[in-house]
Structure formats: structure tokens, C-alpha cells
Amino acid sequence: MHWSTCLVIPLSLSFVAGAVAFDARAYTIQSTSCKAVDRVLDEEVNITIDYVDVNPTAEKSIIMVHGWPSLWSSWGYQIEEFKDEYRMIAIDVRGFGGSTHPVDVQSSSTLADITGDLTCVLEHVGIQSAICLGHDWGAEVCYEAARRRPDIFYALVGVTVPYLHAAGPFADSAQLAAVMPKLAYQVFFESHTTEAVAELNKDIRRSLRATLRTVNSTPPDSFLTSTNNYLSAYGNVTEIPPIPFFTSSDENYFVERFSIQRFDHTLIFYTRGNRYGAWQSTQVQGNYTIPQPVLSVLPLNDPVADWVFAAKYLKSAEFLPQLTTKTMEGAHWPHLEHPQVFNDLLRAWLETLDHSLTPAQRVLSDEL
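We now turn to the structure provided with this report. (Residues numbered from 1 in each chain as written. Predicted model: local features only at pLDDT ≥ 70, side-chain atom pairs only at ≥ 80, totals over all residues. Heavy atoms only, no water.)

## A few points about helix α6 (residues 193-201)
Under the convention used in this document: Categorising residues by exposure relies on relative accessible area from a 1.4 Å probe, with only protein chains included: less than 20% of the type maximum marks a residue as buried, more than 50% marks it as exposed, and the intermediate range marks it as partly exposed. To qualify as a helix, a DSSP run of H or I must reach at least 4 residues; to qualify as a strand, a run of E must reach at least 2; elements of each kind are numbered from the N terminus. Here the arc refers to the directions that run from the helix axis out to each C-beta atom. Here a residue-residue contact requires only that any non-hydrogen atoms of the pair lie within 4.5 Å.
Among all positions in α6, only Thr 193, Ala 196, Val 197, Leu 200 and Asn 201 are buried. Around the axis of α6, the buried residues are gathered within 130 degrees of arc, so they sit on the same side. Buried residues along α6 sit against α5 (184-191) and α7 (204-211).

Okay, structure coming up:
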């Protein structure tokens, strides 16, 4: 697709054809208070985690964790598909939407910290064990949650990004961008967090539209390749087209929820303090293997990276003895771009799981 100075796609076309309609506003957002640590203030604080609880009487549970930049409602197609069979908990990750965050962004939200938020929400709603379903950085949260708490998370699904284990030396954003040039934007987010937040906050709708693209509605080729800014690749684009897999109502909901706190606390996945803290704590534990069943769904057309190659390069499978890997067409958002294809893959895998074991039995079974 060629980008010009004015690109407008009719809003009526900005949705996934054939997908079951999802209305985020029809769901009640609930919240709970969770303990967190502010490492700059060196004190324990309370944060609020917003979530949606669907089908609370179901026996089997899935907790869904989004990535960046996203919200609980990005799981709408999966909620519609599985809501009659599973209890589905979809959260706004700390710092996103209505979920609050410690004052410190740089070092107070490691993957372990966010794992604590998941267990806090599950305890609040009375769920003892669940499947963790995560996309993008949410996938890494699920991997960490399963690694740390196999007594709670008996299986996990990682979408788009493979298991980025901590078995090797720590690699910062600059080192990663040297290998994968489309990760250069992460250097900007890490080194100039305040400036990055200001750029993203200038026009929230434009920032979201710039990022949430598909194979058929791609960003400019230079997008994500700058270490000095995020959106300059769109400098000659007067109006970025609507988000392709959203209706106008979906997009408006995203903008409204992001406007609550803006992007102020959303770059937690990119700061050196949080990334190094996550790596260091895992190194101290010395355990990188996740014995539970894992489904990894990797898109074939992500402009950010070749995730199939990345998984092989990192030898992720060596740490996942019950790994099932599936690939599918799509850019960075396959569960939104091709929801029925994704849902079919997920359903087939879910049907292979034994949901009847108690948490203690699952841990013992995995150890054997």
C-alpha cells in the first residue's frame, strides 16, 4: 500500500469481515486493589487493576493479558467465541486504561510484578487455577506467570512473540535493534521515555492508528526504525487510516480508555530497569523451563520481526517441553486480523488439555 499526504479509508470498512460483533461497552468493568512496590520511593503502594469478568459460573477459566499498546477489549473476538464455555477474565494491564501504576515507571513493573497483578485479580474473583492467554508483551507476562506460579497457571498461550527466556546474558534495546532494525523504536522508548510519552500523548488516536496496522494496511517502510522518535515516518501523512480490524465504535472505545491516563505509564515493557529487573530475578532463581502445556501462535507477516526465526534462534523450545507451535497469516495482531483462524487454532489446542486436575496434581504431574 502506498502512503500519500492524505489517506482515508471509510470507517464502514474498518472491521474484520465475518467476525462476530463485539461491543466492549456492553461489559461491566470491575476493579480490585493490588499491592505493588515503588522501587524509587522504596515503599509498598496500592494500585487498581481494572478487569472484565465474563461467565463467572464456568468451571474452566482463562485470564487474558494484552500487550502494547492495547486494552482488555482487544480480546473481544476471543470473548465472543469462548464465553459460553470458559470463565474469561480480561484485564487492563497496570498503567493502561483504568488500571493504575506506581509513580515510578522505570523499574517498578517487571514481568514478576505484573504476574503479581494477575494472581491478585484471580484471588479477588475466587479462581484457583487458570490458563493464561497473552499477546505481545502480554505473552511474556504469561510465560513468566506460568514459570513462577505453576500452581495457578496450568497452561498458557503466547501470541505473536515467542518465549524470550532469560537463560542467556542480558541484552538491552540497542543490542536487540542491532540484530532486528525494526526494534529501533525500543531504543527511543528506553533512552528517552519522557519524550516518547509526550510524542504519543500529542494525539492519542493518531498514535494508536499508526501502530495497529495489518498486512493489507501497512505503515510506512521506515516506521519503527528511528532511535530518536516514534511517529516521524508518518510525517507526510495528514490522516492515518482507521484501525483496520476495529469498527469506529471499537476505535473510539480504545481512544477513550487510553485517554484516562494517556500513555504516561504504558512504556513499562521497554524501560531498562524493568527489563533488567525481570532478567535478573529469573537469573537468581535459575529456572528457565516451563513444564506446563504451551501454545505459541506466531504470525508470518509481522513487520517488526520474523518471530519463527527468533524462536529458533533463541532455542525457546528447549525450555518448553510441552510446546505446540502454530503459524498463521497476519502481521502483529493475528487474533484481531484473522480471529476465526486464531480461534480455531486455540480451540483445537484447548481440547487437548486436561482441565480436571487440581493445582497440586498439575504441579506433581509436570514434575513427573
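## What about the environment of Pro 291?
When you line up the elements, Pro 291 lands in the loop between α9 (272-285) and β7 (294-299). Between the C-alpha atom of Pro 291 and that of Pro 321, which follows or precedes it by 30 residues, the distance is 5.9 Å.

## Digging into the packing of aromatic side chains
Any aromatic ring pair is given by two values, namely how distant the centres are and how the planes are angled relative to each other. As a reminder of what qualifies: Note on aromatic pairs: the rings of Phe, Tyr and Trp (six-membered ring only in Trp) are paired at centre separations within 6.5 Å, and the planes decide the class, stacked below 30 degrees, edge-to-face beyond 60, tilted for the rest.
The full count for this structure, using the stated rule, is 32 aromatic pairs. When the centroid spacing of 6.1 Å and the interplanar angle of 55 degrees are considered together, the rings of Trp 68 and Phe 263 count as tilted. Of this pair, Trp 68 sits in the loop between β3 (61-65) and α1 (76-82) while Phe 263 sits in the loop between α8 (248-261) and α9; the two residues are 195 residues apart in sequence, bridging distant segments of the chain. Trp 68 sits in the buried class, given a relative accessible area of 4%. A relative accessible area of 1% places Phe 263 in the buried class. Between the aromatic rings of Phe 188 and Phe 189, the centroid separation amounts to 6.2 Å while the plane-to-plane angle is 40 degrees, which identifies the pairing as tilted. Using a relative accessible area of 0% as the deciding quantity, one classes Phe 189 as buried.

## Observations regarding the packing of helix α3 (residues 137-148) against α9
Worth spelling out the cut-off: Where helices are involved, their axes are fitted lines through C-alpha atoms of the stretch in contact, as for all axes, and angles between N-to-C directions lie from 0 to 180°. Roughly parallel covers angles under 35 degrees, roughly antiparallel covers those over 145, roughly perpendicular covers 65 to 115, and oblique covers all other angles. Should the near helix be turned counterclockwise from the far one by less than a right angle, the crossing is left-handed, whereas a clockwise turn marks it as right-handed.
Remark: α3 packs on α9, axes separated minimally by 13 Å, with the N-to-C direction vectors making an angle of 25 degrees. When the axes of α3 and α9 are compared, the pair comes out roughly parallel. For the pair α3 and α9, the sense of crossing is left-handed. Facing Trp 137, Glu 144, Arg 147 and Arg 148 of α3, the residues of α9 in contact are Arg 275, Ser 281, Thr 282 and Gln 285.

## Comments concerning the state of the cysteines
Going by this rule: Any two cysteine sulfur atoms within 2.5 Å of one another count as a disulfide.
Taken as a whole, this structure holds two disulfides when the rule is applied. One disulfide in the model links Cys 34 with Cys 120; its S-S distance is 2.0 Å. Between Cys 34 and Cys 120, the disulfide has an S-S torsion of -95 degrees and is therefore left-handed. Linking Cys 34 in strand β1 (residues 30-38) with Cys 120 in helix α2 (residues 111-125), this pair joins segments that are 86 residues apart in sequence. The two residues Cys 34 and Cys 120 agree in class, both being buried. The disulfide pattern of the protein chain is 1-2, 3-4 when the bonded cysteines are numbered in sequence order.

## Section: the sheet that holds strand β5 (residues 130-135)
For the record, the criterion: Strand pairing is assigned whenever DSSP detects at least two bridges linking the two strands.
What the eight strands build is an open sheet, ordered β1-β2-β4-β3-β5-β6-β7-β8; its pairing is mixed. Edge strands, defined here as strands with exactly one partner in the open sheet, are β1 and β8 (323-328). Strand-to-strand twist of the sheet, defined as the mean angle between neighbouring strand axes without regard to direction, takes the value 25 degrees. Note: strand β2 (residues 43-54) against strand β4 (residues 87-91), four bridges, orientation antiparallel. Bridging across to β4, Val 54 finds its partner in Met 88. Sitting on the sheet, helix α12 (residues 339-350) touches β3, β5, β6 (153-159), β7 and β8, and the angle it makes with β7 is about 160 degrees.

## Let's talk about α7
The test is simple: Polar contact criterion, stated in full: a pair of N or O atoms within 3.5 Å, where within protein one must be able to donate a hydrogen and the other to accept it, and residues adjacent in sequence count only if both atoms are side-chain atoms.
With respect to burial, α7 is a largely interior element, six of its eight residues being buried. Looking at the buried residues of α7, the elements they touch are α6 and α8. A distance of 3.3 Å separates the backbone nitrogen of Arg 205 from a side-chain oxygen at the start of α7, and that oxygen is part of Asp 203.

## With respect to the pairing of β1
When β1 meets β2, the two strands line up antiparallel, connected through nine bridges. Looking at the pairing, Ser 31 lines up with Asp 50 of β2. With antiparallel pairing between neighbouring strands as the criterion, β1 and β2 make up a hairpin whose turn holds four residues, including Asp 42 at a positive phi of roughly 55 degrees.

## Examining the pairing of β7
Burial analysis of β7 places six of its six residues in the buried class, which makes it a mostly covered element. Residues Val 294, Ser 296 and Leu 298 point to one face of β7 and Leu 295, Val 297 and Pro 299 to the other, with burial holding for every one of them. Sheet analysis places β6 next to β7, joined by four bridges and oriented parallel. Residue pairing across strands places Val 157 opposite Leu 295, the latter belonging to β7. Relative to β8, β7 runs parallel, the two being bridged by six bridges. By the bridge assignment, Leu 295 is partnered in β8 with Thr 324.

## Description of the nonpolar core
Generally speaking, nonpolar side chains in soluble globular proteins are found buried as a group. Spelled out, the test is: Buried Ala, Val, Leu, Ile, Met, Phe, Trp, Tyr and Cys residues that are joined via side-chain atoms within 4.5 Å together make up what is termed a nonpolar core.
Residues Trp 68, Phe 189, Tyr 230 and Phe 269 are the most contacted members of the largest nonpolar core, which totals 85 residues. Ala 90, Ala 155, Leu 346 and Leu 353 belong to the second-largest nonpolar core, a separate cluster that totals 29 residues.

## Here's the deal with the environment of Asp 136
By the element assignment, Asp 136 lies in the loop between β5 and α3. Taking the C-alpha atoms as reference, Asp 136 lies 29 Å from Leu 357; in sequence the two are 221 residues apart. Reaching out from Asp 136, the side chain makes a polar contact with the backbone nitrogen of Trp 68 at a distance of 2.9 Å.

## Quick word on the side chain of Asp 92
The topology assignment puts Asp 92 in the loop between β4 and α2. Polar contacts involving the side chain of Asp 92 include one to the side chain of Arg 257, which spans 2.5 Å. Other than its neighbours up to four places away in sequence, Asp 92 contacts Ile 49, Asp 50, His 66, Leu 71, Trp 72, Gly 97, Gly 98, Ser 99 and Arg 257.

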